[in-house]
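Structural characterization, general
These are the residues of each chain, in order.
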Amino acid sequence: MNQARSNILRRLRAGRKASFALPRSDFAPVRDRDWSAAEKLDLFQQKIESVHGEVHRVPAQQWVPELLRLLAEKQLSNLLVSPERKPGQELREQWHGDLPELLAYDQPIENWKSELFNQVDASLTTCRGAIAETGSLILWPDTQEPRLMTLVPPVHFVLLEADQIYATFHEALSTQGWVNQGLPTNALLISGPSKTADIEQTLAYGVHGPAELVVLVLE
Amino acid sequence: MSQHQEAVQEFHPRVHAALQDSQIRNNFRKAMDGLMGKRQQAFADWDLEGLRDLGAAVRLRALSRLPELLEELEANLTRQGVRVHWAENGDQACEIIRDICQARDAKKVIKGKSMVSEEMELNAYLEEAGIEALESDLGEYLVQLAEETPSHIIMPAIHKNTDEISALMHEKTGTQPSRDVAYLTASARQQLREKFMQADVGVSGVNFAVAETGTLCLVENEGNGRLTTTTPSCHIAVTGIEKVVEKLEDVTPLLALLTRSATGQHVTTYVNMISGPRKEEEKDGPEEVHLVLVDSGRSSIYQDEELLDTLRCIRCGACMNHCPVYTRVGGHAYGTTYPGPIGKILMPHLLGLDKTRDLPSASTLCGACGEVCPVKIPIPKLLQRLRKEAVDGDSLRPSVVSGHGVKRRFLEVLAWKGWAKMHAHAGFYRLGTRMMTSLRGLMPSKLGGWTRYRTPPRIASKSFQQMMREHAQKSNAGGRS
Ligand code: SF4
């Protein structure tokens, strides 16, 4: 199919008009915001709640009891969490007998696909910050928190540090230097639980991904 | 040519049928009114003009360097382990995908939403090769169950209401008849989860391909796109060559415009950015990722400075939602993969004007589409251009639009020549109007396309000139008495 490649590129080069009038790309409309940290947190919360996300603000030291309370309230019987990350370690330290079981994503998906798809109730992951304007969480899945961890279990808990909220997507990717750093295999913005309006525009949640997205904001 | 494409030519009977179908009209009216309102709200606090200018500038900049950016995209993706393929047309693209599947001995393909794959009729092609292709976007899944095609590029099943969907799912999948959308959705989730676990290959579309970083961006709400691109061991993304943008930051205005214009959402649930296959230590994700770049007439559009604007499109569907024709006849009446205003300016290039002859004239030229288009494509201007191309028979002046001149008729050409002559010479003009007024009784009551939807014009017994003359004579006579 190299023939196709050269044919297409040749046609494009031959057909290009010399007179391309190129207007300036002024990024101000997607960049310039002057929101305080408190405003950004409020806006993030308002935006993600408007699409059915759940937000709980907790002092940084007290997220474990809050999570336990939510697990009990939602009657979840197990939780998938990375044993290598700090939150997973903190959680394991404070764990005791009659709490939901803690699971680890410690093998390739091929070895436990059916288990992950059918038996895991909830997951807990970290994130790389959030975007106030759209109520989005930024996640870069990796070996410790693989991609499907945030997609397959019906409930997804996320820990977000309050000072990691950017005003816009543009600010997030320039401040975090995405281009220079190089993007991971998969980068994600997650803004609420999975949803569809394909049946007569009626919203339904959890169509393929989690039905609940719960954000614990650590202040 | 497939049956589906053949059907494009029977436009008028389908329009008639759609206009008589009150169910279709209600379903569309309700949905489109909702979408228009939501879009307006979503942009309420925005400098919308500034944002649209930026969106247009970003797309134009990408097009101005299209061949270089495609090469840059290919180089970066290849370096990151993605295999890039090129296809001049839909058939070639289908072949590439079939070959990848066969090389992996894949029998089951799960699909995320992709309009380009609809355009090339991939499902039917794979089916013929003995490979099952299952749609996983809920709307696409329903449309596939019903053995139909999407009637809207964003909401494929918008032509069906809940009762119709309940009946369809009951008949095809055995769910209970129900008006409970949560139940219907949960049932579909269950049915499709199994399929995701079994699928050998995932096929998806692409919303934006970033040259600078070699990244494929996919925008969706359901999570089926993420499952498609993560669960099977092989992911094949397929996209038109125009979807490339230069820089990662270029995605930010396009994303802001796309979701708000399409459904009034400030963002979709998932923005999925893929830059490579699973790395050694990673525990999930496909081992193989392929990108198929499809031309299919796009490089011919690129040859024409004016028509080129068509390629800016980010497939938001806003032009459909706001089109007085689309909202009344619905998507299927067009008989093309892309319906509505974008379909009218794009399909003639993909299929040829000879097969889409009625599309450019199926417009009131009210201008709504151009006003809402997030990347400022002057759709009405392009429609007029295509109307001109349809009657342009000058074989000396090459046109990039295939099938141009399809509507040129000898009699019509003659009539217009006469008209031009008449208006250029006062004598001919007087003679002409005198003939028309005195022979007006002979005018036929049926005047082809004109009287199909309108009453025939009535010619006055006296021309305006004649009346003026008489008026002047009378007042002259009056002044003297
Ligand atoms: S032509 Fe404009 S309004 Fe229509 S789908 Fe494309 S980007 Fe959206």
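All of these numbers come straight from a predicted model, not from anything done at the bench. (Residues numbered from 1 in each chain as written. Chains lettered and ligands numbered in written order. Predicted model: local features only at pLDDT ≥ 70, side-chain atom pairs only at ≥ 80, totals over all residues. Heavy atoms only, no water.)

All names here are of chain B. An ideal rise of 1.5 Å per residue puts 16 Å on 12 residues; helix H17 (residues 340-351) measures up with 16 Å between its terminal C-alpha atoms. Among all positions of H17, only Gly-340, Pro-341, Ile-342, Gly-343, Lys-344, Ile-345, Leu-346, Met-347, Pro-348, His-349, Leu-350 and Leu-351 are buried. Positive backbone phi, at 100°, marks Gly-352, one or two positions downstream of H17. (Helix = DSSP H or I, 4+ residues; strand = E, 2+ residues; numbered from the N terminus. Expected span 1.5 Å × (residues − 1). Buried < 20%, exposed > 50% of the residue type's maximum accessible area, 1.4 Å probe, protein only.)

With that out of the way, let us pick up the nonpolar core. Across soluble globular proteins, nonpolar side chains show a tendency to be buried alongside one another. Membership of the largest hydrophobic core comes to 133 residues, with the highest contact counts inside it found for Phe-169 and Trp-178 of chain A together with Ile-97, Met-120, Leu-216, Leu-291 and Val-292 of chain B. Examining the composition of this core, we find that seven residues originate from one element, helix H13 (residues 251-263) of chain B, more than from any other. The residues that make up this core include at least three from each of domain 1 (1-45 + 319-401) and domain 2 (62-296) of chain B. Among the nonpolar cores identified, the runner-up in size contains 52 residues, and Phe-44, Leu-116 and Val-217 of chain A together with Leu-134 of chain B belong to it. (Core = buried A, V, L, I, M, F, W, Y, C linked by side-chain atoms within 4.5 Å. Domains from an automatic or database assignment.)

The next point concerns the interface of chain A and chain B. The interface of chain A with chain B comprises 79 residues on the first partner and 99 residues on the second. Roughly 7800 Å² is buried in total at the junction of chain A and chain B, and carbon and sulfur atoms are behind 59% of that figure. When the buried area of chain A at its contact with chain B is split by residue, Asp-198, Ile-199 and His-208 of chain A rank highest and sum to 11% of it. The tally of links from chain A across to chain B stands at eight salt bridges. In this structure, the connection of chain A to chain B is made through 46 residue pairs in polar contact (both at pLDDT 80 or more). Among the secondary structure elements, those contributing two or more residues to the side of chain A that touches chain B are helix H1 (2-15), helix H2 (28-31), helix H3 (37-50), helix H6 (109-119), helix H7 (169-175), helix H8 (178-181), strand E9 (186-190) and strand E10 (195-196) of chain A. Sheet topology note: the E9 of chain A/strand E9 (residues 270-274) of chain B ladder contains five bridges and is antiparallel. Along E9 of chain B, the bridge assignment pairs Leu-188 of chain A with Asn-272 of chain B. (Contact = heavy atoms within 4.5 Å. Buried area = accessible area lost by both parts, 1.4 Å probe. Salt bridge = Lys/Arg side-chain N within 4 Å of Asp/Glu carboxyl O. Polar contact = N/O pair within 3.5 Å; in protein donor to acceptor, adjacent residues only side chain to side chain. Pairing = 2+ DSSP bridges.)

Moving on, we come to the domain arrangement of chain B. Residue and element names in this part refer to chain B. Segmenting chain B into domains produces domain 1 (1-45 + 319-401), domain 2 (62-296) and domain 3 (410-480). Between the C-alpha centres of domain 1 and domain 2 there is a distance of 24 Å. Between domain 1 and domain 2, a total of about 2100 Å² is buried, with carbon and sulfur atoms accounting for 61% of that surface. When residues of domain 1 are sorted by the area they lose upon contact with domain 2, His-332, Thr-337 and Tyr-338 head the list and together hold 24% of the total. Run the count over domain 1 and domain 2 and you get zero salt bridges. Of all the elements in the fold, those that place two or more residues in the side of domain 1 that touches domain 2 are helix H1 (3-6), helix H3 (22-42) and helix H15 (318-321). In terms of residue count, H3 provides more of the side of domain 1 that touches domain 2 than any other element does, nine residues in total. Of the residues in the side of domain 1 that touches domain 2, the class split is 13 nonpolar, nine polar and two charged. (Nonpolar A, V, L, I, M, F, W, Y, C, P; charged D, E, K, R; others polar.)

On to the pairing of strand E2 (residues 78-81) of chain A. Residue and element names in this part refer to chain A. Going residue by residue along E2, you find Asn-78 and Leu-80 tucked away on one face and Leu-79 and Val-81 tucked away on the opposite face as well. Where E2 and strand E3 (residues 101-103) come together, three bridges link them in parallel fashion. Bridge pairing in E3 links Asn-78 to Glu-101. Handedness of the crossover joining E2 and E3 through helix H5 (residues 86-93): right-handed. Two strands pair when backbone bridges link them, and E2 and strand E4 (residues 122-125) are joined in this way by two bridges, in the parallel orientation. In the sheet register, Val-81 faces E4, and the bridge partner there is Leu-124. (Right-handed = clockwise from strand over helix to strand, strands pointing away.)

Right, let's talk about the pattern of salt bridges for a bit. Close approach of charged atoms lets side chains of opposite charge pair. Enumeration over the complete set of coordinates arrives at 45 salt bridges over all chains. For Glu-145 of chain A, the salt bridge identified is with Arg-85 of chain A, shortest N-O distance 2.8 Å. Taken together, the positions of Glu-145 of chain A in the loop between strand E6 (136-139) and strand E7 (155-161) and Arg-85 of chain A in the loop between E2 and H5 put the pair 60 residues apart, joining distant regions of the chain. A salt bridge links Lys-355 of chain B to Asp-354 of chain B, with the nearest nitrogen and oxygen atoms 3.7 Å apart.

Glancing now at the site of the ligand. Around the ligand sit Cys-313, Ile-314, Arg-315, Cys-316, Gly-317, Cys-319, Ile-342, Cys-373, Pro-374, Val-375, Ile-377 and Ile-379 of chain B, and that is every residue in its neighbourhood. For the shell around the ligand, a count of residues per class yields 10 nonpolar, one polar and one charged. (Near = heavy atom within 4 Å.)

This brings us to H5 of chain A. Residues and elements named next belong to chain A. Where H5 is concerned, the buried positions are Pro-87, Gly-88 and Leu-91. Angularly, the buried residues of H5 cover 100° about the axis, an arc narrow enough to put them on a single face. Exposed residues on H5 whose side chains face more than 90 degrees from its buried face are Lys-86 and Glu-93. In the core, the buried residues of H5 are packed alongside helix H4 (63-73), E2, E3, E4 and E7. (Arc of directions from axis to C-beta.)

The predicted model of chain B averages 91 in pLDDT, with 96% of residues at 70 or higher. Low pLDDT, under 50, characterises residues 1-6 of chain B; the stretch is placed with 11 contacts to residues that sit more than four places away or in other chains. (pLDDT = per-residue confidence, 0-100.)

With that settled, the discussion passes to unusual backbone geometry. If you check the backbone angles, His-52 of chain A has positive phi at about 80° while not being a glycine. When you line up the elements, His-52 of chain A lands in the loop between H3 and strand E1 (54-58). For Glu-121 of chain B, which is not glycine, the phi dihedral falls at a positive 55°. Within the fold, Glu-121 of chain B resides in the loop between helix H7 (115-119) and helix H8 (122-128).

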